[in-house]
Amino acid sequence: MAPRHQAPRGTRDLLPGEIERWQRVEELARGVVERYGYREIRTPIFEDYELFARTSGESSDVVQKEMYRFQDLGERDLALRPEGTAGVCRAYLEHGMAGHGRIHRLWYMGPMFRYGRPQKGRFRQFWQIGAEVIGTEAPGADVEIIALFVDLFATWGMPDLTVAVNSVGTPESRRTYGRLLVDWLGPVRDKLSPDSQRRLETNPLRVLDTKDPDEQALLQSEGWLASGAMPRMIDVLDDDSRKHFDAVLAGLTQLGIPHEIDHGLVRGLDYYTRTAFEVHDRSLGAQSALGGGGRYDGLIEALGGPSTPGVGFSTGLDRTVMVLEERKLAAGASKPAIYVAAMDGTRNEALMLVRQLRRRFTIDVDLEVRGLSAQMKAAGKSGAAWLLLLGEEEWKKGEAVLRDLGSGEQRTIARDRIEDELGTRTEFTATRGNA
Ligand code: AMP
């Protein structure tokens, strides 16, 4: 026997029954971003490896440990995308989008790939939706992006998440802050993991990003060091970044968006500037981040373009779907509205009628030329709300029978009025039940 295959570790199939929840989440998201006036952009699922190495940072976990990197048959060095912003900025430059309007509001949705250790809420292929505002430094753009982010969760039925925000300043203020962190952590350096010890040398802010629960506890327990509580980025911000941050906070307050400053929230790359934010759902345990984002005013320049500010977010759909499922905020399976049953003498007519009706309605029909009782059973199982029965006698008289499969009531309708009759009943146009 041929060996049976399984989906690769960390990936999974989304089957009918579950996919409806995904479709619902995607549909709601599309509605929100479009009402905000963002335009969709689709970039390739793989890009030059170098693009990600440059934008995510050579020293980042994503690049060092989690990249699906491969050579194609032409020996190109490629990688499956681990995130969306790099591709969007590459496309922005490649197509000279700066020449077609100063500010671009863009959004994307699709699969991303990271070779991490699979666990609850963490996969090797996962889906993200994200949005970017490219072309303005205005704090209003940060506020709009955060508002969009929060509204997305609200539309998904998660209205009360708190946004954690911080400012990571400029590369200069980050260097100052990095030195403070090194001094602060110096005395306990040997209590840190080898990864964090290495980061203390290369990129000290990254230590604050540690996923190690013991280290997280250490960092959060104020006064665990003789040197006192963790230094705060906010205390070393340059004046412009401070003003920007205050304006963002004021904008969030103005819009009534609940937020708190998280002094440990950093993005360790040089391209990240000023605003950084995240939302969490603590019920998810270790993998609680539902999404995050921030400003990346240095990124496009780092890709060889002119200095161009940008701000954006991305959020994982897998965890959102999981939370919705746990909270029973799910969409039900799609069901046909009408089951069409035919007899030997009406089968051909049924085929033509079904094709015609399927332009407007969700129809199920027997494919196997079975007897009427088998079709009636199938109609019951299909979840259809109505049965349209094309009996030979009625058909000859120019009629068909429409039965309500819930109540069992039925009535005869004229054959040439079938589509109009169905159309006047709005319930037939609904393709998705809520059971
Ligand atoms: P990041 O690009 O790391 O800031 O991730 C943004 C969001 O994508 C996270 O908050 C998660 O919701 C989601 N995400 C990141 N990595 C994974 C993964 N391996 N599996 C599932 N979701 C993920």
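In this text, all values refer to a predicted model and were calculated from it rather than measured experimentally. (Residues numbered from 1 in each chain as written. Predicted model: local features only at pLDDT ≥ 70, side-chain atom pairs only at ≥ 80, totals over all residues. Heavy atoms only, no water.)

Things to note about the packing of aromatic side chains
Two aromatic rings are characterised by how far apart their centres lie and by the angle between their planes.
Next, step 1: Applying the stated rule across the entire model yields 8 aromatic pairs.
Next, step 2: Taking 5.7 Å as the distance between ring centres and 85° as the angle between the ring planes, the aromatic pair formed by Y68 and Y115 counts as edge-to-face. A residue pair is termed long-range when its members are at least 10 positions apart, and Y68 in the loop between α3 (61-65) and β3 (69-71) and Y115 in the loop between β5 (104-113) and β6 (125-134) qualify at 47 residues.
Next, step 3: With a centroid separation of 4.8 Å and 45° between ring planes, the pair formed by F149 and F313 is classed as tilted. Here the residue F149 occupies a position in helix α5 (residues 139-155), and F313 occupies one in strand β11 (residues 310-316), the gap between them amounting to 164 residues.
Next, step 4: Looking at F149, the relative accessible area reads 0%, which means it is buried.
Next, step 5: By relative accessible area, which is 2% here, F313 ends up buried.
Next, step 6: An aromatic cluster is built from F149, F153, W156, F277 and F313, whose rings are joined through pairwise contacts. (Phe/Tyr/Trp six-rings, centres within 6.5 Å; stacked < 30°, edge-to-face > 60°. Helix = DSSP H or I, 4+ residues; strand = E, 2+ residues; numbered from the N terminus. Buried < 20%, exposed > 50% of the residue type's maximum accessible area, 1.4 Å probe, protein only.)

Notes on the environment of Q356
Next, step 1: When you line up the elements, Q356 lands in helix α12 (residues 347-357).
Next, step 2: On the basis of relative accessible area, Q356 is assigned to the partly exposed category, the value being 32%.
Next, step 3: C-alpha separation for the pair Q356 and E83, spaced 273 residues apart in sequence, amounts to 43 Å.

Some remarks on the sheet that holds strand β4 (residues 77-80)
Picture the strands of a sheet paired through backbone hydrogen bonds; they go either parallel or antiparallel.
Next, step 1: Spatial ordering of the open sheet is given by β2-β4-β3, a layout of 3 strands whose pairing is antiparallel. In the strand order of this sheet, the two ends are held by β2 (46-48) and β3, each with one partner. Taken over all neighbouring pairs, the strand axes of this sheet differ in orientation by 40° on average, direction set aside.
Next, step 2: For β2 and β4, the ladder comprises 3 bridges, and the chain directions are antiparallel. Bridged to F46 within β4 is L80.
Next, step 3: Lying over the sheet, helix α2 (residues 49-56) contacts β2, β3 and β4, oriented at roughly 80° with respect to β2. (Pairing = 2+ DSSP bridges. Axes fitted to C-alpha atoms, helices over the stretch in contact; angles between N-to-C directions. Contact = heavy atoms within 4.5 Å.)

Notes on the packing of α5 against helix α9 (residues 239-254)
Next, step 1: Direction vectors running N to C along α5 and α9 enclose 40°, while the axes themselves pass 9 Å from each other. Considering their axes alone, α5 and α9 lie oblique with respect to each other. When you trace α5 past α9, the crossing you get is right-handed. For the pair formed by α5 and α9, the contact residues are P139, D142, V143 and I146 on the first element and H244, A247, V248, G251 and L252 on the second.
Next, step 2: The class makeup of the residues in the contact of α5 with α9 is 6 nonpolar, 2 polar and 1 charged. (Parallel < 35°, antiparallel > 145°, perpendicular 65-115°, else oblique. Left-handed = near helix turned anticlockwise from the far one by under 90°. Nonpolar A, V, L, I, M, F, W, Y, C, P; charged D, E, K, R; others polar.)

Notes on the environment of M97
Next, step 1: The topology assignment puts M97 in the loop between α4 (85-94) and β5.
Next, step 2: With a relative accessible area of 14%, M97 lands in the buried category.
Next, step 3: Placed 93 residues apart in sequence, M97 and D190 show a C-alpha to C-alpha distance of 49 Å.
Next, step 4: In this structure M97 touches A91, Y92, H104 and L106, once residues within four positions along its chain are discounted.

Here we look at the pattern of salt bridges
Two side chains carrying opposite charge are able to pair once their charged atoms lie near each other.
Next, step 1: Scanning the model with the defined rule gives 26 salt bridges in all.
Next, step 2: Residue E27 pairs with R24 through a salt bridge whose shortest N-O separation is 3.1 Å. Of this pair, E27 and R24 are both found in helix α1 (residues 19-35), 3 residues apart, which corresponds to roughly one turn of the helix.
Next, step 3: We classify E27 as partly exposed; its relative accessible area is 41%.
Next, step 4: Exposure remark for R24: the relative accessible area of 34% places this residue in the partly exposed category.
Next, step 5: Here D235 and R232 are joined by a salt bridge, their closest N and O atoms 3.1 Å apart.
Next, step 6: D235 gets classed as exposed once you look at its relative accessible area, which sits at 52%.
Next, step 7: Several salt bridges share partner residues, and in doing so they unite R30, E40 and R42 into one network. (Salt bridge = Lys/Arg side-chain N within 4 Å of Asp/Glu carboxyl O.)

Observations regarding the pairing of β4
Next, step 1: Pairing between β3 and β4: 3 bridges, direction antiparallel. Among the inter-strand pairings, F70 is bridged to a residue of β4, identified as L78.
Next, step 2: Hairpin connection, β3 to β4: the antiparallel pair is bridged by 5 residues, and E75 has positive phi, about 60°.

Examining the site of the ligand
Next, step 1: Near the ligand you find 13 residues, and of these R114, F123, Q128, G291 and G316 are the closest.
Next, step 2: Within the side chain of Q128, an N or O atom sits 2.9 Å from an oxygen atom of the ligand.
Next, step 3: For the ligand, whose accessible area on its own is 480 Å², the fraction buried by protein is 84%.
Next, step 4: Elements with a contribution of two residues or more to the shell around the ligand: β6, β10 (289-295) and β11.
Next, step 5: Among the elements that take part in the shell around the ligand, β10 stands out by supplying 3 residues, more than any other.
Next, step 6: Along the lines of polarity and charge, the residues of the shell around the ligand split into 4 nonpolar, 5 polar and 4 charged. (Near = heavy atom within 4 Å. Polar contact = N/O pair within 3.5 Å; in protein donor to acceptor, adjacent residues only side chain to side chain. Areas by Shrake-Rupley, 256 points an atom, 1.4 Å probe, with all protein chains shown as cover.)

So, unusual backbone geometry
Next, step 1: In this model, E75 sits at a positive phi of 60°, which is unusual for a non-glycine residue.
Next, step 2: Assignment of secondary structure puts E75 in the loop between β3 and β4.

Side note on the pairing of β5
Next, step 1: Counted residue by residue, β5 has 9 buried out of 10 residues, so it is predominantly covered.
Next, step 2: Here strand β1 (residues 39-40) runs beside β5; their pairing, made up of 2 bridges, is parallel. Bridge pairing in β5 places R39 opposite L106.

Some points on the packing of α1 against helix α11 (residues 317-326)
When two helices pack together, their arrangement is given by the angle between their axes and by how far apart the axes lie.
Next, step 1: Running from amino to carboxyl end, α1 crosses α11 at an angle of 115°, the nearest separation of the two axes being 10 Å. Between α1 and α11, the crossing angle belongs to the class labelled roughly perpendicular. The hand of the α1/α11 crossing is right-handed. Together, R21, W22, V25 and E26 of α1 and L317, D318, V321, L324 and E325 of α11 make up the contact between the two elements.
Next, step 2: Here the contact of α1 with α11 is built from residues that sort into 5 nonpolar, no polar and 4 charged.

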